[in-house]
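# Commentary on secondary and tertiary structure
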Amino acid sequence: MPLTDDLGLVHKFVPAKAGVPHPVTLLLLHGTGGDENDLLPLGKELWPGAALLGLRGKVLENGMPRFFRRIAEGVFDVEDLKFRTEELAQFIKAASERYDFSMERLIAVGYSNGANIAASLILLHPHYLAAAVLFRVMMPFTPDIVRDFSNLSVFIGAGERDPIVPRSQPEELAGIFESGGAKVTLFWHRGAHELGADDVDAAKKWLPEVKIRKRAGA
Ligand code: MLT
């Protein structure tokens, strides 16, 4: 399990388990204060045997890693977010060559800050992912144009009593993805911002329904 930052972001890659047919790769994006190891157990739970690619955000807020700068809680530095999203896109491209996976079989799994940059990636570069599981996601920004999301499936796990993410935000984001043709499932967790067992169960049941190409271009 090498820990390298020579592709531009500190990350950890765990290859798919031998014998798993047509393995997918899960791109794991942590919440504020997390790192590349944080979501590895979640990835193993969501898709046993999948290849795992855990990332560490390179922006530090009081020593806590994030994927992009914010001005205050829930108020994003959109210029930095877009810049970091481009960096993430470049990383994915380089990592797909280094670790030999197809972006057509890449599924982002993000929590909070990590879900927000995954949503930004979808809005700007929808063809970099096959699907995304976004826990406690917010509207990263309002896009100028709605791109073609018809090859994408998105699971949004929102908190009914989330003090950080107003109810309207995951709903608005789901609407934007749907208007571009994505297949969207919006799941409401009974609690707040924390990730619950109900979220994980719902995402685990949803993932096998996602249509993912058996191999690149197929
Ligand atoms: C953010 O991106 O700032 C999140 O929505 C909140 C957090 O990560 O703490």
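The structure this text deals with has already been given above.
Residues numbered from 1 in each chain as written. Predicted model: local features only at pLDDT ≥ 70, side-chain atom pairs only at ≥ 80, totals over all residues. Heavy atoms only, no water.

Here we take up the layout of surface pockets. If you add up the space inside the largest pocket, you get close to 440 Å³. Contributing to the lining of the largest pocket are 21 residues, with Ala130, Ser150, Asn151, Leu152 and Lys211 lying nearest its centre. A total of three residues in the lining of the largest pocket trace back to one element, the largest contributor, which is strand β12 (residues 183-189). Among the residues making up the lining of the largest pocket, the classes are represented as ten nonpolar, five polar and six charged. Of the voids in this model, the second largest pocket is the one considered here, and its volume is about 180 Å³. Around the second largest pocket sit 16 residues that line it, and Thr32, Arg66, Arg70, Ser112 and His193 are the ones nearest its centre. (1 Å grid on protein atoms, 1.4 Å probe; cavity = no way out; pocket = protein on both sides within 12 Å on 5 of 7 lines; lining within 4 Å. Points joined across faces, edges and corners; volume = space filled by probe spheres on them. Helix = DSSP H or I, 4+ residues; strand = E, 2+ residues; numbered from the N terminus. Nonpolar A, V, L, I, M, F, W, Y, C, P; charged D, E, K, R; others polar.)

What follows concerns the site of the ligand. Taken together, Thr32, Arg66, Phe68, Arg70, Phe76, Ser112, Asn113, Asn116 and Met138 make up all the residues around the ligand. Between Thr32 and the ligand, the recorded distance is 2.7 Å, taken from a side-chain N or O atom to an oxygen atom. Between Arg66 and the ligand, the recorded distance is 2.9 Å, taken from a side-chain N or O atom to an oxygen atom. Its atoms largely coinciding with the cavity grid, the ligand occupies the second largest pocket. (Near = heavy atom within 4 Å. Polar contact = N/O pair within 3.5 Å; in protein donor to acceptor, adjacent residues only side chain to side chain. Sits in = over half its atoms within 2 Å of the grid points.)

Geometric descriptors of this kind do not, in isolation, establish any biological role.
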